[in-house]
Amino acid sequence: MRPISGQMLLSTGVLLCIASSLSTIADASQQALHVKETVPILKAPEAFHEQLVLKPLNDGGAYSHFQFTTHIGTMMDEEHFDGAASNLFSHYNLFPRSIGQILHSFEVEELHLTFTQGRWQYSDWGYPLAPSVGTGVELWAWLNNNRLQAEGNWRGLTNTLSGLFCASLNFIDDTISIEPKLSFRNEGLYNVHSSKLSPSNTTSTTPRKLRYGSLPHENVCTENLTPWIKLLPCKSKSGIASLLKSHKLFDTRFYSMAIHVRPVCEDDKCKVKSLELVQTITTVFDVARQDGSYDWSLSSLFEREITQACPLASTSNIIVHLPQTTQFDKQYELTPMLPEGRYTIGSDENKQEIAVYDLKKAYSGDTSSSSEPFKLSMQWESSRPKSVQPISPGIVAHRYFTGYGQERGGLSIEIYNNDSQDVEAVLLDTLPWYLKLYLHTFTVHLNDQLLENYRDIVKKMYYQQAVDRARPAVLELALNLPSHSKIKFSISFDKVFLKYTEHPPDANRGFDIGYAVITVPLARQKGQIGYGSVDHLRIYQGRDASLVQSRRLSTQQQEGNDDDNETDKVRIYTETLLLSLPTPDFSMPYNVITLTCTVIALFFGSMFNLMTRNFEVVGSDKTKGKDKEKKDE
Amino acid sequence: MRPRAILKHLTITTVIGAFITSVLAASVTTDTSTENVEGFFNKTRSGHTNNWAVLVCTSRFWFNYRHIANTLAMYRTVKRLGIPDSNIIMMLADDVACNSRNIFPATVYNNRGRYLDLYGENVEVDYRGYEVTVENFIRLLTGRVAKETPRSKRLLTDDQSNILVYMTGHGGEDFLKFQDAEEISSYDLGDAFQQMYEKKRYNEILFMIDTCQANTMYTKIHSPNILATGSSELSQSSYSHHDDPDIGVAVVDRFTYYVLEVLEKIDMQSKATLKDLFDTYNPKLLYSNPGVRSDLFHRPLDQALLTDFFGNVQNIELTEPKDHSSSTLATEGDSVSTQQVEIGTEVEGPSVLQIQPDHTDNNNTETLHQQQGSKQPHARERVEDHTFEVGDSSQSQNWRYVAFVSLSVVLGGALIAGSSMI
């Protein structure tokens with residue numbers, strides 16, 4: 001059955017291709033006419049929102065999260081919404097042209113690119129607001145695979161992004177690109193809604209392909225930030241982005257910078273769709289490093305000040321998460337304190353107080369006040385909190401190498417579930433081909449007890465065997481983590497002896513092995529802050545709160561039919577690891593050449609000598625006689 | 001006098017007369033094109049229309065901070081003098097700015113006083129880390145890059161580009177190390193430049209290298225219009241200038257330091273020449289004997305401006321209105337920087353432009369094309385030796401084209417005839 005159905009699929013695909021290519025021109029004109037006459041184009045204006053979330057951390061750090069959201073264009077509901085292929089990008093106002101062109105030419109439907117330096121400390125800082133915090137560079141994209149060009153487009157995409165962001169993204173080639181089966185589901189809303197809301201349209205589901213790649217060793221520095229800032233409508237000239245000073249941003253314990261592009265719904269029924277570009281910068285400043293004081297202000301953190309809101313922004317907010325002190329409420333003072341800008345979100349133990357500052361409002365008045373810098377500071381009574389509520393993230397994971405020597409080793413992943421409930425999770429681990437995994441050595445420990453049968457824990461397992469110099473090994477597990485448990489996965493591997501030329505210039509440093517990613521749904525109550533998702537921004541914006549809720553509902557309904565869970569999941573990134581492979585003596589070739597040459601020279605020299613020289617027995621009498629003869633002459 | 005002697009005299013005079021007449025004829029023919037050829041007789045202006053810079057630091061590791069600082073200082077200088085980021089290809093083999101050893105994060109200084117942060121808020125590094133390899137460097141120069149390569153990683157020059165190639169790192173006699181793992185030899189470099197010449201990828205090149213025994217690196221260059229300068233002679237080391245106690249390592253090399261001292265004083269309108277720069281070389285300050293190789297360079301050094309290479313000051317190219325869209329802009333639009341000015345008049349004629357279609361695809365390099373290209377320069381060299389106008393070469397190419405077409409027609413006819421007979 002299998003091959004036949006495959007062939008059928010293939011043939012239909014080919015047919016479709018031919019048909020589509022034939023009818024493209026006609027279709028385009030027809031569509032345009034059709035659109036103009038029947039469905040009114042709900043051309044929502046492009047919109048730009050900027051937001052800064054500040055959160056004091058228990059260990060004296062200050063967590064800042066910049067989020068800039070740009071929306072572009074809309075299309076009618078019935079048609080397949082294809083941000084990449086549509087005529088969305090005929091004109092650019094706020095949306096950056098460079099990104100638009102990339103999406104268009106490589107038929108990208110959803111794009112997520114994150115640059116991170118440092119490691120997110122889950123047990124100290126809780127979960128981040130940013131969705132991706134894995135050290136290095138992470139790139140994943142959903143590509144339109146209509147014309148079976150996804151592979152080429154992925155190559156083009158990585159190269160183009162590498163040029164745009166001055167990073168070595170072109171190193172994400174086939175040997176490290178993977179296609180996860182359970183993780184990294186698309187966050188956009190293409191046909192999820194159109195198929196739900198208009199059942200007639202279900203057949204038009206376009207084939208799309210997920211490609212994922214990460215570079216754990218990639219540095220992040222100013223040259224990456226420069227092009228990132230250039231994507232903003234106001235650059236760093238005004239608004240919240242004027243705080244972005246590279247010298248301070250890179251002087252932090254953690255720095256992460258991302259762009260996320262995805263199509264989203266603008267209303268409850270998803271009649272209006274738009275393409276959303278979210279740019280985030282997440283940093284953790286070490287406030288207490290200088291003098292042990294936990295006090296901070298905008299100017300002390302960023303060494304810059306906001307003197308006006310970005311004129312192009314629809315909303316421009318600064319949000320401060322107020323610390324949850326256990327004993328006294330008045331341990332700290334936040335200035336300025338606006339009583340009307342203080343909200344409580346969430347409920348019960350997940351309650352969070354926030355202070356919201358609307359820069360648009362602050363700078364909407366007369367021009368004289370607009371030159372005043374916006375001052376915001378937090379002061380503690382005794383320069384640091386007396387007591388803080390400890391952070392207890394539900395799921396924490398660690399990964400490490402075991403074993404010793406340069407021949408073989410082992411890999412262990414530990415996942416702690418501190419929740420009182422069982423949690424469904426997905427573990428994705430990618431290992432480069434130079435680690436030869438042995439699947440039969442895969443073991444599972446539950447609370448330090450070896451499990452003979454781990455079917456209760458590992459529900460599904462996808463394993464892709466590595467191919468030398470062609471593709472990495474992928475291990476993807478659908479897990480059921482019991483409450484209050486510690487689960488340990490172990491697997492053994494052999495280290496490959498690489499070719500002489502395959503080593504990097506600093507081979508003795510070792511090879512960086514990327515993180516494992518654990519995707520878990522977070523129990524979330526209504527109105528609570530969405531960690532690990534750029535959606536949290538919508539919570540703060542009254543107009544969108546209901547939308548997020550409705551989207552969540554619809555996707556939950558979707559989940560009923562399909563296991564393909566999509567949104568509202570937090571991704572937990574483990575540590576990146578350093579692997580030392582056996583390195584050859586790099587001066588060996590020269591030694592070999594020298595030695596060989598010496599041997600050959602000795603051999604050849606002596607042979608040559610032997611063959612060309614004429615050996616004669618020289619008698620002492622004879623020579624004397626000759627000498628005498630010569631003298632006589 | 002004997003008749004034999006008379007005959008001899010006669011033959012001599014006729015020979016001489018013939019020679020004189022031929023010379024006269026030649027001078028007459030050259031006279032007609034004097035206006036166009038002026039540049040050759042009195043070539044003081046560069047004649048370039050766009051500027052590019054390739055700045056390469058080949059050293060990895062923190063203790064080589066100074067090499068990255070050297071390169072970034074040159075980057076700041078050429079940027080200040082007007083070369084846009086799109087025309088600067090910068091290769092940095094390591095990231096010292098955001099290195100955890102750097103106590104001034106996201107900065108690079110080349111002076112103990114730390115007056116100027118070379119990294120700044122706006123910097124574009126095109127090749128970095130493991131991408132800085134000999135292969136990538138030669139591919140960049142010769143244009144033989146993969147088809148996915150983004151624009152920022154391509155050297156999109158043409159035959160009217162002046163290129164500054166600055167390299168720094170650790171080297172030795174006839175080689176320069178890349179990242180402590182591989183070397184580029186002076187032969188590789190000479191061949192790469194020759195390939196660039198054959199593909200008409202430059203008008204003039206200033207090759208500047210700051211490394212130990214640097215002068216040996218330019219000895220194998222053999223392509224015209226390349227001016228080279230290095231920091232030290234054979235068996236001499238190049239030294240660093242001073243260190244910064246807070247950063248903990250040396251921050252700049254001597255040669256680059258003193259070159260920058262000159263460059264800092266000039267601006268885009270400066271009339272300072274390369275000779276002025278070379279005259280400031282002081283072996284006592286450098287602790288080594290810097291070298292200049294100008295035998296391939298066809299302009300007098302005291303008339304070649306520094307801004308011809310370090311700046312973006314360009315000549316205005318005058319073209320006929322008709323050719324305007326068809327030749328230069330259409331074919332070279334991609335590689336010409338935005339600053340290039342094209343004004344349509346009838347002064348210079350289309351001769352300059354007619355050559356250009358020949359190298360429209362100089363970026364799509366195939367071996368075939370390379371072989372093709374290797375034939376053209378001979379023609380061009382011959383032309384230059386006889387100081388003919390550039391238009392002649394285009395005419396000769398027209399002639400070639402006609403010959404080629406007619407030959408192919410004849411061959412095709414023969415083929416058809418042959419096939420019909422069969």
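Residues numbered from 1 in each chain as written. Chains lettered and ligands numbered in written order. Predicted model: local features only at pLDDT ≥ 70, side-chain atom pairs only at ≥ 80, totals over all residues. Heavy atoms only, no water.

Put simply, side chains in a regular strand alternate between the two faces of the sheet. All names here are of chain A. Burial runs high along strand β6 (residues 254-265): 12 of the 12 residues are buried. Of the two faces of β6, both are covered, the one formed by Phe 254, Ser 256, Ala 258, His 260, Arg 262 and Val 264 as well as the one formed by Tyr 255, Met 257, Ile 259, Val 261, Pro 263 and Cys 265. Pairing between strand β3 (residues 108-117) and β6: 7 bridges, direction antiparallel. Paired with Thr 116 across the strands is Ser 256, a residue of β6. Relative to strand β7 (residues 273-286), β6 runs antiparallel, the two sharing 12 bridges. Each bridged residue has a counterpart across the sheet, and for Phe 254 the counterpart in β7 is Val 284. (Buried < 20%, exposed > 50% of the residue type's maximum accessible area, 1.4 Å probe, protein only. Helix = DSSP H or I, 4+ residues; strand = E, 2+ residues; numbered from the N terminus. Pairing = 2+ DSSP bridges.)

Let us now look at the interface of chain A and chain B. Each partner contributes residues to the interface: chain A has 33 residues there, and chain B has 26 residues. With both sides pooled, the region where chain A packs onto chain B buries about 2400 Å², and carbon together with sulfur makes up 50% of that total. Area buried by chain A at its contact with chain B is led by Glu223(A), His247(A) and Pro505(A), which between them contribute 24% of it. There are 6 salt bridges connecting chain A and chain B. The partner of Asp506(A) in a salt bridge is Arg60(B), and the shortest N-O contact between them spans 3.3 Å. Summed over the shared surface of chain A and chain B, the number is 18 residue pairs in polar contact (both at pLDDT 80 or more). Among the elements of the structure, α4 (150-164), α6 (222-230) and α7 (246-249) of chain A are those that each provide at least two residues to the side of chain A that touches chain B. (Contact = heavy atoms within 4.5 Å. Buried area = accessible area lost by both parts, 1.4 Å probe. Salt bridge = Lys/Arg side-chain N within 4 Å of Asp/Glu carboxyl O. Polar contact = N/O pair within 3.5 Å; in protein donor to acceptor, adjacent residues only side chain to side chain.)

Residues and elements named next belong to chain A. One open sheet accounts for 3 strands, arranged β8-β13-β10; its pairing is antiparallel. Looking at strand neighbours, the two that pair on one side only are β8 (296-297) and β10 (332-335), the edges of this open sheet. Bridge count for β8 against strand β13 (residues 377-380) is 2 bridges, and the pairing is antiparallel. Note that in β13 the partner of Trp 296 across the bridge is Met 378.

Attention now goes to the nonpolar core. Residues Trp228(A), Ile318(A) and Phe310(B) are the most contacted members of the largest nonpolar core, which totals 131 residues. It is helix α3 (residues 65-80) of chain B that contributes the most residues to this core, 8 residues altogether. Setting aside residues up to four positions removed in sequence, Trp228(A) forms contacts with Phe68(A), Phe165(A), Leu244(A), Met257(A), Ala258(A), Ile259(A), Gln279(A), Thr280(A) and Ile281(A). The next biggest cluster of nonpolar side chains, apart from the first, holds 65 residues, and it includes Tyr127(A), Val423(A), Tyr434(A) and Val474(A). (Core = buried A, V, L, I, M, F, W, Y, C linked by side-chain atoms within 4.5 Å.)

Our next topic: helix α5 (residues 186-198) of chain B. All names here are of chain B. In this model, α5 (13 residues) spans 18 Å end to end at C-alpha, consistent with the 18 Å of a helix rising 1.5 Å per residue. Of all 13 residues making up α5, 10 are buried, and the element is well covered by its neighbours. If you check which residues of α5 are buried, you get Ser 186, Leu 189, Gly 190, Ala 192, Phe 193, Gln 194, Gln 195, Met 196, Tyr 197 and Glu 198. Where α5 ends, the next residue or the one after it, Lys 200, has phi of about 55°, a positive value. (Expected span 1.5 Å × (residues − 1).)

Residues and elements named next belong to chain B. Orientation of helix α4 (residues 134-142) relative to α5, taken along the N-to-C sense of each, is 25°, at an axis distance of 8 Å. Classified by the interaxial angle, the pair formed by α4 and α5 is roughly parallel. Crossing geometry of α4 relative to α5 is assigned as right-handed. Here α4 contributes Phe 137, Ile 138, Leu 141 and Thr 142 to the contact with α5, which in turn contributes Asp 188, Leu 189, Ala 192, Phe 193, Gln 195 and Met 196. A per-class count over the contact of α4 with α5 returns 7 nonpolar, 2 polar and 1 charged. (Axes fitted to C-alpha atoms, helices over the stretch in contact; angles between N-to-C directions. Parallel < 35°, antiparallel > 145°, perpendicular 65-115°, else oblique. Left-handed = near helix turned anticlockwise from the far one by under 90°. Nonpolar A, V, L, I, M, F, W, Y, C, P; charged D, E, K, R; others polar.)

Now for the UniProt feature "active site" (unreviewed entry) in chain B. Residues and elements named next belong to chain B. As recorded in UniProt, the sites labelled "active site" (unreviewed entry) are His 170 and Cys 212. What stands out for the annotated residues spanning 43 residues is how close their C-alpha atoms remain, the widest pair being 6.4 Å apart. Structurally, His 170 can be placed in the loop between β4 (161-168) and β5 (171-172). When sequence neighbours within four positions are dropped, the list of residues in contact with His 170 reads Thr 58, Ser 59, Asn 64, Arg 66, His 67, Leu 176, Lys 177 and Thr 211. Of the polar contacts made by the side chain of His 170, one reaches the side chain of Asn 64; its length is 2.7 Å. (UniProt positions renumbered as here; feature names shortened; annotations may be inferred.)

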